[in-house]
Amino acid sequence: WLCTAALSPAWAFAYKARVAAGAFGYMAGTLIGEARRLWSYRWQIWLDMEKELVSDSRETAGRLFWVVVAPLVPMGLYLFITTLRVFPPQESIEGIPFVMVGAALWFLFSGLFLAPISAIKRKGRLAAQSNYPLLGAIASVVLQTWVEFVLRAVFAAVVLAFTQPPSLAGALGLIGV
């Protein structure tokens with residue numbers, strides 16, 4: 001019976017399905033365990049993000065001012081260069097919206113790629129020596145990247161509100177009619 005069952009395609013399929021379900025269950029359990037661990041360190045992750053956010057301007061007056069202005073300086077420079085017509089306008093979109101949206105997205109995606117790498121380099125040893133999860137250090141810099149992106153996106157939206165004339169077609173496109 002064992003020999004014929006081992007050769008049966010239905011048995012082989014059922015065996016592979018059980019093995020795959022076990023592997024998936026293990027992975028899901030590991031992910032849930034890591035999520036719970038991160039949740040238990042949520043306050044430390046938040047404090048770590050705040051510390052990283054103000055670390056460059058810690059010794060200056062107006063710390064929060066520099067936290068807001070520092071991500072916007074490159075955007076302001078791109079806006080200035082664009083108003084000088086360094087970037088030629090495209091057929092479907094003018095230079096200012098093209099550069100503002102592109103720069104905001106570039107800083108977001110490059111930050112989401114490079115910030116975790118730098119966090120691992122800076123805090124990897126600390127995470128190995130303490131109980132603080134390395135994923136927590138990565139989460140804090142990713143959170144910082146998202147905060148900076150929100151600042152840049154608001155700046156880009158304000159610039160676009162003043163430079164782009166409103167159009168009925170654009171408004172209908174936003175509504176989804």
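Just so it is clear, the structure is predicted and the values come from calculations on it, not from any experiment.

For this particular structure, what's the right way to read the overall build of the protein?
Of the regular secondary structure elements, the protein holds seven helices and zero strands. Of the regular secondary structure in the protein, the N- to C-terminal order runs α-α-α-α-α-α-α. In the protein, buried positions account for 25% of the 177 residues. Expressed as a percentage of contacts within the protein between residues at least 6 apart in sequence, the contacts between residues at least 24 apart total 69%. When the accessible area of the protein is evaluated, it comes to approximately 12700 Å², of which 72% is carbon and sulfur surface.

Explain a nonpolar patch on the surface to me, please; I cannot follow it from the model alone.
Where nonpolar side chains cluster on the molecular surface, the patch consists of Tyr-78, Phe-80, Ile-81, Leu-84 and Val-86 and spans about 450 Å² of accessible area. Among the residues examined, Leu-84 registers a relative accessible area of 51% and is labelled exposed.

It is not clear to me how the packing of helix α5 (residues 95-129) against helix α6 (residues 134-163) should be interpreted in this structure. Could you clarify?
The packing of two helices is summarised by the inter-axis angle and the distance between the axes. Between α5 and α6, the least distance of the axes is 8 Å, while the angle of their chain directions is 165°. Taken together, the axis directions place α5 and α6 in an arrangement best described as roughly antiparallel. Of the two possible hands of crossing, α5 and α6 adopt the one that is right-handed. Class assignment for the residues of the contact of α5 with α6 results in 25 nonpolar, five polar and three charged.

Looking at this model, I keep getting lost on the packing of aromatic side chains. Mind explaining?
Geometrically, a pair of aromatic rings is defined through the distance of the ring centres and the angle of the planes. Enumeration according to the criterion identifies two aromatic pairs in this entry. Taking 6.4 Å as the distance between ring centres and 40° as the angle between the ring planes, the aromatic pair formed by Tyr-78 and Phe-107 counts as tilted. With Tyr-78 in helix α4 (residues 63-83) and Phe-107 in helix α5, this pair connects stretches of sequence that are 29 residues apart. Centroid distance Trp-146 to Phe-149: 5.7 Å. Interplanar angle 90°. Geometry classified as edge-to-face. In this pair, Trp-146 and Phe-149 both sit in helix α6, three residues apart, roughly one turn of the helix. Over the aromatic face of Phe-107 sits the side chain of Arg-152, whose NZ or CZ is 4.3 Å from the ring centroid.

Would you explain helix α3 (residues 42-54) in this entry?
An α-helical segment advances 3.6 residues per turn. Residues three or four places apart therefore align on the same side. End to end, α3 covers 19 Å across 13 residues, agreeing with the expected 18 Å (1.5 Å per residue, within 8%). Buried within α3 we find Ile-45, Asp-48, Met-49, Glu-52, Leu-53 and Val-54.

It is not clear to me how the nonpolar core should be interpreted in this structure. Could you clarify?
When a protein is soluble and globular, its nonpolar side chains tend to lie buried together. If you look at the biggest cluster of nonpolar residues, it comprises 10 residues: Met-75, Leu-79, Ile-96, Met-100, Ala-103, Ala-104, Leu-108, Phe-149, Ala-156 and Val-159. Of all the secondary-structure elements, those providing two or more residues to this core are α4, α5 and α6. The leading source of residues in this core is α5, at five residues.

Would you explain the confidence of the model for the protein in this entry?
Interpretation of this model should avoid reading the predicted coordinates in detail wherever pLDDT is low. Across the protein, the average pLDDT comes to 74, with 68% of residues at or above 70. Averaged pLDDT values for the elements of the protein fall to 47 in helix α1 (residues 2-7) and rise to 86 in α6.

What exactly am I supposed to notice about the packing of α3 against α6 here?
In the contact formed by α3 and α6, the axes pass within 8 Å of each other and the chain directions differ by 55°. Taken together, the axis directions place α3 and α6 in an arrangement best described as oblique. For the element pair α3 and α6, the recorded crossing hand is right-handed. Touching Ile-45, Trp-46, Asp-48, Met-49, Glu-52 and Leu-53 of α3 are Gly-136, Ala-137, Ala-139, Ser-140, Leu-143, Gln-144, Val-147 and Glu-148, all from α6. Tallied by class, the residues present in the contact of α3 with α6 amount to eight nonpolar, three polar and three charged.

I keep staring at the side chain of Asp-48 and nothing clicks. Help me out?
With respect to the secondary-structure elements, Asp-48 resides in helix α3. Asp-48 sits in the buried class, given a relative accessible area of 6%. With residues near it in sequence (within four places) discarded, Asp-48 still touches Lys-123, Tyr-132, Ala-137 and Ser-140.

Reading guide: rules and limits
- Residues numbered from 1 in each chain as written.
- Predicted model: local features only at pLDDT ≥ 70, side-chain atom pairs only at ≥ 80, totals over all residues.
- Heavy atoms only, no water.
- Helix = DSSP H or I, 4+ residues; strand = E, 2+ residues; numbered from the N terminus.
- Buried < 20%, exposed > 50% of the residue type's maximum accessible area, 1.4 Å probe, protein only.
- Contact = heavy atoms within 4.5 Å.
- Areas by Shrake-Rupley, 256 points an atom, 1.4 Å probe, with all protein chains shown as cover.
- Patch = residues over 30% accessible without salt bridge, like charges linked within 9 Å, V, L, I, M, F, W, Y side chains within 5 Å.
- Salt bridge = Lys/Arg side-chain N within 4 Å of Asp/Glu carboxyl O.
- Axes fitted to C-alpha atoms, helices over the stretch in contact; angles between N-to-C directions.
- Parallel < 35°, antiparallel > 145°, perpendicular 65-115°, else oblique.
- Left-handed = near helix turned anticlockwise from the far one by under 90°.
- Nonpolar A, V, L, I, M, F, W, Y, C, P; charged D, E, K, R; others polar.
- Phe/Tyr/Trp six-rings, centres within 6.5 Å; stacked < 30°, edge-to-face > 60°.
- Lys NZ or Arg CZ within 6 Å of the ring centre and 35° of its normal.
- Expected span 1.5 Å × (residues − 1).
- Core = buried A, V, L, I, M, F, W, Y, C linked by side-chain atoms within 4.5 Å.
- pLDDT = per-residue confidence, 0-100.

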